[in-house]
Structure formats: C-alpha cells, structure tokens
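Okay, here's what each chain looks like letter by letter:
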Amino acid sequence: MGERKIHPAAAIFLYFVAITTDILQLALAATSVIIPGVGLFIALIVGAFAWIILLVTFHHHNLPFTGRRALRFWIPAFVEIFGVGINAIPVWTLSVYLTIHGNHAAILAARGNN
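Residues numbered from 1 in each chain as written. Predicted model: local features only at pLDDT ≥ 70, side-chain atom pairs only at ≥ 80, totals over all residues. Heavy atoms only, no water.

(A) Region of interest: the nonpolar core. Counting 18 residues, the largest nonpolar core has I6, L14, L54, F58 and I100 as the members making the most contacts within it. Those elements that provide at least two residues to this core are α1 (8-34), α2 (38-60), α3 (67-82) and α4 (91-111). Of the residues forming this core, the biggest block, five residues, is contributed by α1. (Core = buried A, V, L, I, M, F, W, Y, C linked by side-chain atoms within 4.5 Å. Buried < 20%, exposed > 50% of the residue type's maximum accessible area, 1.4 Å probe, protein only. Helix = DSSP H or I, 4+ residues; strand = E, 2+ residues; numbered from the N terminus.)

(B) How the structure looks around the environment of W74. Along the polypeptide, W74 turns up in helix α3. We classify W74 as partly exposed; its relative accessible area is 36%. W74 sits 19 residues away from L55 along the chain, and the two C-alpha atoms are 9.8 Å apart. Not counting the four nearest positions on each side in its chain, W74 is found in contact with W51, L55 and F65. (Contact = heavy atoms within 4.5 Å.)

(C) Molecular detail of α1. Over its 27 residues, α1 runs 40 Å from end to end, which matches the ideal 39 Å to within 8%, given 1.5 Å per residue. Among all positions in α1, only A10, A11, L14, V17, A18, T21, D22, Q25, L28 and S32 are buried. (Expected span 1.5 Å × (residues − 1).)

(D) Here's a closer look at the side chain of T21. As for its placement among the helices and strands, T21 is situated in helix α1. In this structure T21 comes out as buried when scored by relative accessible area, which is 5%. Those residues within four positions of T21 in sequence are excluded, and the remaining contacts are V46, G47, A50 and W92.

(E) Examining the side chain of T57 more closely. Tracing the backbone through its elements, the reader meets T57 in helix α2. Setting aside residues no more than four positions away along its own chain, T57 makes contact with F13 and L14.

(F) Inspection of a nonpolar patch on the surface at higher detail. Residues V33, I34, I35, V38, F41, I42, I45, F49, I52 and V56 make up a contiguous nonpolar surface patch of about 1000 Å² in total accessible area. Sorting the residues of the nonpolar patch by element identifies α1 and α2 as the ones contributing at least two each. If you tally residues by element for the nonpolar patch, the top one is α2, at seven residues. With respect to the helices and strands, I34 occurs in helix α1. (Patch = residues over 30% accessible without salt bridge, like charges linked within 9 Å, V, L, I, M, F, W, Y side chains within 5 Å. Areas by Shrake-Rupley, 256 points an atom, 1.4 Å probe, with all protein chains shown as cover. Salt bridge = Lys/Arg side-chain N within 4 Å of Asp/Glu carboxyl O.)

(G) Structural context of α2. Its 23 residues give α2 an end-to-end C-alpha distance of 33 Å, which sits within 8% of 33 Å, the value for a rise of 1.5 Å per residue. Of all the positions in α2, only G39, A43, V46, G47, A50, L54, L55, T57 and F58 are classed as buried. Among the residues trailing α2, N62 stands out with phi positive, at a value near 55 degrees.

Structure below.
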C-alpha cells in the first residue's frame, strides 16, 4: 500500500489535539505543585486519550507505524505517558510535527523530488 499525504484538515485536527493535550498537561503539571499527584494522574489519563486519538487518526490515513515513523511517534508517546514529572514538555506537538513532515518527506523521496 502506497504512502498518502495527510489531508490538510486532518493535519489541523492532529495539531489541535497535540497542542491542546500539551497545554492541558502543562496546566495539570502546575496544579501538581498545589495538590501533589492529582494533576500528574489526570495528565496521564489525558496523555493516554491523546495517544489513542492520534494513533487512530494516523492509521485512518494509512500511515502505518514502522521504522523511523514508529520511533517518531512511540518514543514521545512513551515519554509523555510514563514520564511523570516531565509532562510540561510539548512532546505531543513535536511527535505530530515529525510524523506528518516525515510522511511528506517520504512521499517526495518516493517521487524523486528531493
């Protein structure tokens, strides 16, 4: 199955989910200073839901997670979900950016338009 370019509306949706998740996790990390543990637990749940939404959306657009694309998505997801205390870093947005733009680079390379 060939690579497809992500539709611009889907890219906007993916960025919206990622940026919203990062902002929520930053706010929840800040509340963990006031109420220890509660914000981090809720941030973990928010991160898990974001991971599911992003994964389903990427699969819907025929972007299987193999090779470098898998590393671009799974490592940041692992850091966000299991990296308690570093949820304030906008890793979801970086993950979406690298996955989308890595896909566009693969399409251009396949066409020979480097």
